[in-house]
Amino acid sequence: MKYISAGIDGPAGAGKSSVSKAVAGKLGFVYIDTGAMYRAAALFAMNNGIDIVNERERLISSLDRLDIAIKYTDDGQRVFLDGADVSETIRTPEVSVGASNIAVIPEVREKLVAMQREMAKHDNVIMDGRDICTVVLPDADVKIFLTASVEERAKRRYKEMTEKGMDADFEEIKRDIEYRDKNDSERDASPLKIAEGAAVVDTTGLTFDEVVEKLTAMIKEKM
Ligand code: DC
């Protein structure tokens, strides 16, 4: 059976995960959040006292001990590191920056990309990340580049964090987003860029529901 795949790439905070999750729910697709896998890899390094930026060789030689699993429950995707559910722990600002730093390492990418391709073989999927349409699934049926202005993305992240009762500093969030934009787009290994044939959807000024409707329609067209 041929499964449908939709790849959603875009910068940090563009709303990729919440939008992709909602679209997957509407269409009965499996949602795969690949950023969570880079976050879990960063947490692995942090838990093992490895400095991601300055101890790259040590990190690379420990990669065969990296044990990440993705499982689906009624709460959606859960991420496990060494058998422990780390779905919430990987959302801190420290892990966000660690994930952006670890994502520049080709050996890390190779390992996670192989897992992601395998996952797309068994279901209709919506996969979000930075390199889905360029590297992971270049033949995806639907390719989307979801973006929004830095200001708008920082506002959304701030709202999301304060609503969850997390400590949030708007200027710090904005700086983190700018840092990650630069890091993600300027790295040598699979930089964030618009894939050939991808549709660019700028969500600045659009409501969440409008974006979900738009993407759902784009995927339905291919079904
Ligand atoms: O989407 P996110 O913020 O959870 O991603 C965390 C980091 O992981 C982000 O800074 C870039 C990196 N990433 C990546 O390089 N490739 C992906 N497919 C997904 C995320």
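Conventions adopted
Along every chain, residues carry numbers that run from 1 in the direction the sequence is written. Since the coordinates come from a predicted model, pLDDT governs what is reported: local features require at least 70, and pairs of side-chain atoms require 80 or more to be given and counted, while whole-chain, interface and lining totals use all residues. Side-chain numbers here rest on the full set of heavy atoms in the structure, without hydrogens or water. The secondary structure listing takes helices from DSSP runs of H or I that are at least 4 residues long and strands from runs of E that are at least 2 residues long, numbered from the N terminus. Every radius of gyration here is taken over C-alpha atoms, with the globule rule written as 2.2 Å times N^0.38, N being the number of residues. Relative accessibility thresholds used throughout: buried, under 20% of the residue-type maximum; exposed, over 50%; partly exposed, between the two (1.4 Å probe, protein chains only). Only heavy atoms matter for contacts: two residues are in contact if any of them lie within 4.5 Å across the pair. For every accessible area listed, the method is Shrake-Rupley and the probe measures 1.4 Å; residues are considered covered only by the protein chains on display. Asp and Glu count as negative and Lys and Arg as positive, but His and the ends of the chain are not part of the count. Here the site of a charge means atom NZ of a Lys, CZ of an Arg, CG of an Asp or CD of a Glu. Whether a residue is near a molecule or strand depends on its heavy atoms: it is near if one of them lies within 4 Å of it. Under the rule applied, a polar contact is a pair of N or O atoms within 3.5 Å (in protein, one hydrogen donor and one hydrogen acceptor; residues adjacent in sequence only if both atoms are side-chain atoms). Each residue is assigned to one of three groups, with Ala, Val, Leu, Ile, Met, Phe, Trp, Tyr, Cys and Pro labelled nonpolar, Asp, Glu, Lys and Arg labelled charged, and all others, Gly among them, labelled polar. Note on pairing: DSSP must find at least two bridges between two strands before they are called paired. Any two of the Phe, Tyr and Trp rings considered here, Trp counted by its six-membered ring, make a pair once their centres fall within 6.5 Å; the pair's planes then place it as stacked at under 30 degrees, edge-to-face at over 60, or tilted in between. Axis geometry follows a simple rule: fit a line to the C-alpha atoms, using only the stretch in contact for helices, then measure angles between N-to-C directions, giving values from 0 to 180 degrees.

Focus on the overall build of the chain
Phase 1 of the analysis: Looking only at helices and strands, the chain has 9 helices and 8 strands in total.
Phase 2 of the analysis: Taking 223 residues into account, the globule formula puts the C-alpha radius of gyration at 17 Å, and the chain, at 17 Å, falls close to it.
Phase 3 of the analysis: Summarising its shape, the C-alpha atoms of the chain cover approximately 45 × 45 × 35 Å along the three principal directions.
Phase 4 of the analysis: The burial tally for the chain puts 49% of its 223 residues in the buried class.
Phase 5 of the analysis: Here the analysis covers contacts within the chain between residues at least 6 apart in sequence; of these, 75% occur between residues at least 24 apart.
Phase 6 of the analysis: When the accessible surface of the chain is summed, it comes to about 11,000 Å², and 49% of that surface belongs to carbon and sulfur atoms.
Phase 7 of the analysis: Looking at the chain, you have 32 positive and 41 negative side-chain charges, and the mean spots of the two groups are 2 Å apart.

Details of the site of the ligand
Phase 1 of the analysis: Near the ligand lie 14 residues; those nearest to it are Arg-39, Arg-109, Asp-131, Arg-180 and Arg-187.
Phase 2 of the analysis: A distance of 2.8 Å is found between an oxygen atom of the ligand and a side-chain nitrogen or oxygen belonging to Arg-109.
Phase 3 of the analysis: A distance of 3.0 Å separates an oxygen atom of the ligand from a polar side-chain atom of Arg-130.
Phase 4 of the analysis: In isolation the ligand has 450 Å² of accessible area, and contact with the protein removes 96% of it.
Phase 5 of the analysis: At the level of elements, α2 (34-47), α4 (93-102) and α8 (170-186) are the ones that each hand at least two residues to the shell around the ligand.
Phase 6 of the analysis: Take the shell around the ligand: its biggest share by element is 4 residues, from α2.
Phase 7 of the analysis: Its residues placed into classes, the shell around the ligand shows 3 nonpolar, 4 polar and 7 charged.

What about the sheet that holds strand β4 (residues 76-81)?
Phase 1 of the analysis: Pairing within the open sheet is antiparallel, and its 3 strands lie in the order β3-β4-β5. The open sheet has two edge strands with one neighbour each: β3 (68-73) and β5 (84-85).
Phase 2 of the analysis: The sheet contact formed by β3 and β4 spans 6 bridges and is antiparallel. Note that in β4 the partner of Lys-71 across the bridge is Arg-78.

Re the packing of aromatic side chains
Phase 1 of the analysis: Applying the stated criterion across every chain yields a total of 1 aromatic pair.
Phase 2 of the analysis: Between Tyr-158 and Phe-170, the ring centres sit 6.2 Å apart and the planes meet at 80 degrees, which makes this aromatic pair edge-to-face. Placement of Tyr-158 in helix α7 (residues 150-163) and of Phe-170 in helix α8 is noted, with a sequence separation of 12 residues between them.
Phase 3 of the analysis: Looking at Phe-170, the relative accessible area reads 22%, which means it is partly exposed.

As for the sheet that holds strand β2 (residues 30-33)
Phase 1 of the analysis: Taking strand neighbours across the sheet as the criterion, the 5 strands line up as β2-β6-β1-β7-β8 in an open arrangement whose pairing is parallel. The two strands at the open ends of the sheet, each matched to only one other strand, are β2 and β8 (199-202). Across the sheet, the mean angle from the axis of one strand to that of its neighbour is 20 degrees, orientation sign disregarded.
Phase 2 of the analysis: Sheet topology note: the β2/strand β6 (residues 125-129) ladder contains 4 bridges and is parallel. The residue bridging Tyr-31 from the neighbouring strand is Ile-126, located in β6.
Phase 3 of the analysis: Packing against the sheet, helix α1 (residues 16-27) makes contact with β1 (5-9), β2, β6 and β7 (142-147), and its axis sits at approximately 180 degrees to β6.
Phase 4 of the analysis: Of the strands in this sheet, β1, β6, β7 and β8 are in contact with helix α9 (residues 208-220), which crosses β7 at around 165 degrees.

Examining the environment of Ala-6
Phase 1 of the analysis: Inspection of the secondary structure puts Ala-6 in strand β1.
Phase 2 of the analysis: Along the primary structure Ala-6 and Ile-126 are separated by 120 residues, whereas in three dimensions their C-alpha atoms are 4.7 Å apart.
Phase 3 of the analysis: Leave out the neighbours within four places in its chain, and Ala-6 touches Val-125, Ile-126, Met-127, Val-142 and Ile-219.

Remember, this is a structural readout, not a statement about activity or role.
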